[in-house]
Amino acid sequence: PMDRLAEALSAADLAVVCLEPGHTGISVPSKAYGVLASGRPILGILDADGEIGQMIKETGCGVLVEPDPGEIAAAIRELAADEEARAAMGEAGRTAFLERYTLAHAAAAYDAALASMLAGEIDARAPRGPRVGGGEDQYAP
């Protein structure tokens, strides 16, 4: 139940956040933000250059691994043996969440973007990124 989500997220010693290769830029594993709020470290099995991969690198809230069973197992064993590192990563994630990723921060970013569009600073019709499916005209209008 949603009223027990915080309890469920904080029950683990390590949270696994993964994203299928090729889905970067199309999807974001949003559970990562709940994990940050819970103060638990993240084992990221995803593109290091994607949104969550960059967040992990920038904040130090976890580790990134390739989708290789041996590498994943080694990272889990290493983190299981190092309670201090897990605590430091969890605290870094919690701090990052409070400083960057709360609903208030998201609302302020949307407000700033909308204000910029209304002021003509951003052309809302300009290409933003790859269109699903690619093709010659690969940018969405």
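Values in this document were obtained by computation on a predicted structure and should not be read as measured data. (Residues numbered from 1 in each chain as written. Predicted model: local features only at pLDDT ≥ 70, side-chain atom pairs only at ≥ 80, totals over all residues. Heavy atoms only, no water.)

> Tell me about the overall build of the protein chain, and please be specific about residues and values.
Helix and strand content of the protein chain: six helices and three strands. Put simply, the protein chain has 141 residues, and 26% of those count as buried. Counting contacts in the protein chain only where the partners sit at least 6 residues apart, residues at least 24 apart contribute 43% of the total. Carbon and sulfur atoms form 56% of the exposed surface of the protein chain, whose accessible area is close to 9200 Å². (Helix = DSSP H or I, 4+ residues; strand = E, 2+ residues; numbered from the N terminus. Buried < 20%, exposed > 50% of the residue type's maximum accessible area, 1.4 Å probe, protein only. Contact = heavy atoms within 4.5 Å. Areas by Shrake-Rupley, 256 points an atom, 1.4 Å probe, with all protein chains shown as cover.)

> Describe in detail helix H4 (residues 69-80), supporting the description with residues and values.
Between its first and last C-alpha, H4 extends 16 Å over twelve residues, near the 16 Å set by a 1.5 Å rise per residue. All of the buried residues in H4 are Ile72, Ala75 and Leu79. Around the axis of H4, the buried residues are gathered within 65° of arc, so they sit on the same side. Opposite the buried face of H4, by more than 90 degrees, sit the exposed residues Pro69, Arg77, Glu78 and Ala80. Those residues of H4 that are buried are in contact with strand E2 (42-45), strand E3 (62-64) and helix H5 (83-100). (Expected span 1.5 Å × (residues − 1). Arc of directions from axis to C-beta.)

> Could you give me a rundown of a negative patch on the surface, with the residues and numbers involved?
A contiguous patch of negative charge, built from Asp13, Glu78, Asp82, Glu83 and Glu84, is present on the exposed surface. Checked against the element boundaries, aspartate 13 lands in the loop between helix H1 (5-10) and strand E1 (15-18). Given a relative accessible area of 54%, aspartate 13 falls into the exposed group. (Patch = residues over 30% accessible without salt bridge, like charges linked within 9 Å, V, L, I, M, F, W, Y side chains within 5 Å. Salt bridge = Lys/Arg side-chain N within 4 Å of Asp/Glu carboxyl O. Lys, Arg positive; Asp, Glu negative; His and termini not counted. Charge placed at Lys NZ, Arg CZ, Asp CG, Glu CD.)

> I'd love a proper account of the side chain of threonine 102, names of residues and values included.
With respect to the secondary-structure elements, threonine 102 resides in the loop between H5 and helix H6 (103-118). Since its relative accessible area comes to 16%, threonine 102 is described here as buried. A distance of 2.6 Å separates a polar atom in the side chain of threonine 102 from a polar atom in the side chain of histidine 105. (Polar contact = N/O pair within 3.5 Å; in protein donor to acceptor, adjacent residues only side chain to side chain.)

> Go over the nonpolar core, please, and point to the residues and values.
Grouped together as the largest cluster of nonpolar side chains are 14 residues, with contacts concentrated most on Val17, Ala32, Leu36, Ile42, Ile52 and Met55. Of all the secondary structure elements, the ones that give two or more residues to this core are E1, helix H2 (31-38) and helix H3 (51-59). For this core, the leading source of residues is H2, giving four residues. In contact with isoleucine 42, other than residues within four places in its own chain, are Leu14, Ala15, Val17, Ala32, Val35, Leu36, Met55, Ile56, Cys61, Gly62 and Val63. Among the nonpolar cores identified, the runner-up in size contains five residues, and Leu43, Ile45, Val65 and Ile72 belong to it. (Core = buried A, V, L, I, M, F, W, Y, C linked by side-chain atoms within 4.5 Å.)

> Outline H2, supporting the account with residue identities and numerical values.
Among the residues making up H2, those that are buried are Ala32, Tyr33, Val35, Leu36 and Ser38. Contacts from the buried residues of H2 go to H1, E1, E2, H3 and H5. Just beyond H2, the residue with positive phi is glycine 39, at close to 75°.

> Lay out the side chain of threonine 59 with the relevant residues and their values.
With respect to the element layout, threonine 59 can be found in helix H3. Polar contacts involving the side chain of threonine 59 include one to the main-chain carbonyl oxygen of methionine 55, which spans 2.8 Å. Looking at threonine 59, its side chain comes within polar contact range of the main-chain nitrogen of cysteine 61, at 3.3 Å. If we ignore the near neighbours within four places in the chain, the residues touching threonine 59 are Ala92, Ala96 and Arg100.

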